[in-house]
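Working through the structure, step by step
Chain by chain, the residues:
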Amino acid sequence: MELDTYLAYHQRRFDYICGLAQRFKPSRASRVLDVGPSPMTKQLDTYYDVVWSLGFEHTAVYSAAEGARRHITFDLNQASDPAAWVPMPTFDLIVFSEVIEHVHVSHDEVLAFLGHSLAPDGLILCTTPNVAAFHKRLRSMAGLTPWHRWESGHVTEFSKADLIEIGRRAGLQTRYHAFANYFGCVGSAPRRDLVKAIDGLTGVVPTLRRGQVIVYAH
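Position numbers for residues count from 1 along each chain, tracking the sequence in the order it is written. Where totals are concerned, whole chains, interfaces and linings use all residues; where local detail is concerned, this predicted model gives features only for residues with pLDDT of at least 70, and gives and counts side-chain atom pairs only at 80 or more. Where side-chain values are given, they derive from all heavy atoms of the structure, hydrogens and water being excluded.

Considering the pairing of strand β1 (residues 31-35)
Each regular strand carries side chains that alternate between the two faces of the sheet. Remark: exposure states derive from per-residue accessible area (1.4 Å probe, protein chains only) relative to the maximum for the residue type, with buried under 20%, exposed over 50%, and partly exposed in between. Secondary structure is summarised from DSSP: a helix means a run of H or I of at least four residues, a strand means a run of E of at least two, and numbering begins at the N terminus for each. Burial runs high along β1: four of the five residues are buried. Alignment of β1 against strand β2 (residues 50-55), held across five bridges, turns out to be parallel. Residue pairing for β2: Val 35 is matched across the bridge by Leu 54. Orienting the strands away from the viewer, one traces the path from the first strand over the helix to the second; a clockwise path indicates a right-handed crossover. Handedness of the β-α-β unit built from β1, helix α2 (residues 39-45) and β2 comes out right-handed. Any two strands with at least two DSSP-identified bridges between them are counted as paired. As judged from the three bridges shared by β1 and strand β4 (residues 91-97), these two strands associate in the parallel manner. If you follow Val 32 over to β4, its bridge partner there is Leu 93.

Right under this line is the structure:
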């Protein structure tokens, strides 16, 4: 995906998450980790004094060297083996946005890896697509696959109950959950109009919105 298209789809999400981050951790001195470096890492860095990133050395749309001054190289698919965990400082906030649906190992093991680096009052702010979103229900009713792994790169998608249970198995408590339409619109004008109409409709039925956010704590 080209950077302009990527930003058109995700900038709304970046703004939404940065707003939530400041709501839950308003102190600029909070130590923040962004899992999966992206342009949002740099956006977080404009508010917080200390922002780290974690993931591969480079991504398709963003070089870690361009944003966060501190980067931890680690493949989350190694999280199932505690012996492979990399040393990490403690963080007041871990931003884990649109990543959990891409990992191949047990999701509670990934959350356990992240949770072991939380400060005593630290939080994990996780966002992921809503498996029960309205457009996916429409596709199912039409006899179509709700989402395609080979198109999205998603290994799995989750309900609210799934996310709460995954956190529980990782030894984490749920502090907050909300459904939200934080994705942008890309494609043809008719497609963008359709997406905007669906977002408007699901604005009054939260469980049908395209995305969801959950906040974990110890």
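Anyway, onward from the coordinates.
Regarding the packing of helix α3 (residues 107-115) against helix α6 (residues 160-169)
At a closest axis distance of 8 Å, the pairing of α3 and α6 adopts a crossing angle of 55°. The angle between the axes of α3 and α6 places the two elements in the oblique class. The handedness of the crossing between α3 and α6 is right-handed. Residues His 107, Asp 108 and Leu 111 of α3 touch α6, and the partners they reach there are Ile 166, Gly 167 and Arg 169. Residues are grouped as follows: nonpolar covers Ala, Val, Leu, Ile, Met, Phe, Trp, Tyr, Cys and Pro; charged covers Asp, Glu, Lys and Arg; every other residue, Gly included, is treated as polar. Residues that form the contact of α3 with α6 fall into these classes: two nonpolar, two polar and two charged. The angle between two axes is taken between their N-to-C directions and runs from 0 to 180 degrees, where each axis is a line fitted to C-alpha atoms and a helix contributes only its stretch in contact. Any angle from 65 to 115 degrees is called roughly perpendicular, while one under 35 is roughly parallel, one over 145 is roughly antiparallel, and all others are oblique. Helix crossings get a hand from a simple test, with the near helix turned counterclockwise from the far one by less than a right angle marking a left-handed crossing and a clockwise turn marking a right-handed one. We call two residues contacting when some pair of their heavy atoms lies within 4.5 Å.

Notes on the nonpolar core
In this structure, Val 35, Leu 54, Leu 76, Phe 96 and Phe 113 are the most contacted members of the largest nonpolar core, which totals 32 residues. The set of elements that each furnish at least two residues to this core consists of β1, β2, β4, α3, β5 (118-129), α6 and β7 (211-217). In terms of residue count, α3 provides more of this core than any other element does, four residues in total. Not counting residues up to four positions away in its chain, the partners in contact with Phe 113 are Leu 54, Phe 74, Leu 76, Ala 79, Trp 85, Val 86 and Met 88. The term nonpolar core refers to a set of buried residues drawn from Ala, Val, Leu, Ile, Met, Phe, Trp, Tyr and Cys, joined through side-chain atoms within 4.5 Å. With 20 residues, the next largest nonpolar core counts Val 32, Met 40, Leu 123 and Val 215 among its residues.

Description of the pattern of salt bridges
Close approach of charged atoms lets side chains of opposite charge pair. Any Lys or Arg side-chain nitrogen located within 4 Å of an Asp or Glu carboxyl oxygen qualifies as a salt bridge. For the structure on display, the rule yields five salt bridges. With its nearest N and O atoms 2.4 Å apart, the salt bridge here joins Glu 157 to Lys 136. Pair noted here: Glu 157 is in the loop between α5 (149-152) and α6 and Lys 136 is in helix α4 (residues 134-141), with a separation of 21 residues, a long-range link. With a shortest N-O distance of 3.7 Å, Arg 169 and Glu 165 are connected by a salt bridge. With Arg 169 and Glu 165 both in helix α6, this residue pair falls four residues apart, about one helical turn.

Some remarks on the packing of aromatic side chains
In summary, the pairing rule links any two rings of Phe, Tyr or Trp, Trp by its six-membered ring, whose centres are within 6.5 Å, and it sorts them by plane angle into stacked for under 30 degrees, edge-to-face for over 60 and tilted for everything else. As enumerated under the stated definition, the model contains eight aromatic pairs in all. Aromatic side chains Phe 24 and Tyr 176 sit 5.4 Å apart centroid to centroid with 65° between the ring planes, which places their arrangement in the edge-to-face category. In this pair, Phe 24 is assigned in helix α1 (residues 3-24) and Tyr 176 in strand β6 (residues 173-180), connecting sequence segments 152 residues apart. Judged by relative accessible area, Phe 24 falls into the partly exposed class, the value being 24%. Between Tyr 47 and Tyr 48 the ring centres are 4.8 Å apart and the planes differ by 85°, which places this aromatic pair in the edge-to-face class. Exposure remark for Tyr 47: the relative accessible area of 17% places this residue in the buried category. Taking the relative accessible area as the measure of exposure, Tyr 48 reaches 2% and is therefore buried.

Some words on the pairing of β4
Within β4, six of the seven residues are buried, leaving the element largely enclosed by the surrounding structure. Of the pairings in the sheet, the one linking β4 to β5 comprises six bridges and is parallel in character. The residue bridging Leu 93 from the neighbouring strand is Leu 123, located in β5. Handedness of the β4-α3-β5 crossover: right-handed.

Notes on the environment of Ala 217
The residue Ala 217 is located in strand β7 in this model. Between the C-alpha atoms of Ala 217 and Gln 173, which are 44 residues apart in sequence, the distance is 5.3 Å. For Ala 217, the contacting residues outside a window of four places in its chain are Gly 122, Leu 123, Leu 172, Gln 173 and Arg 175.

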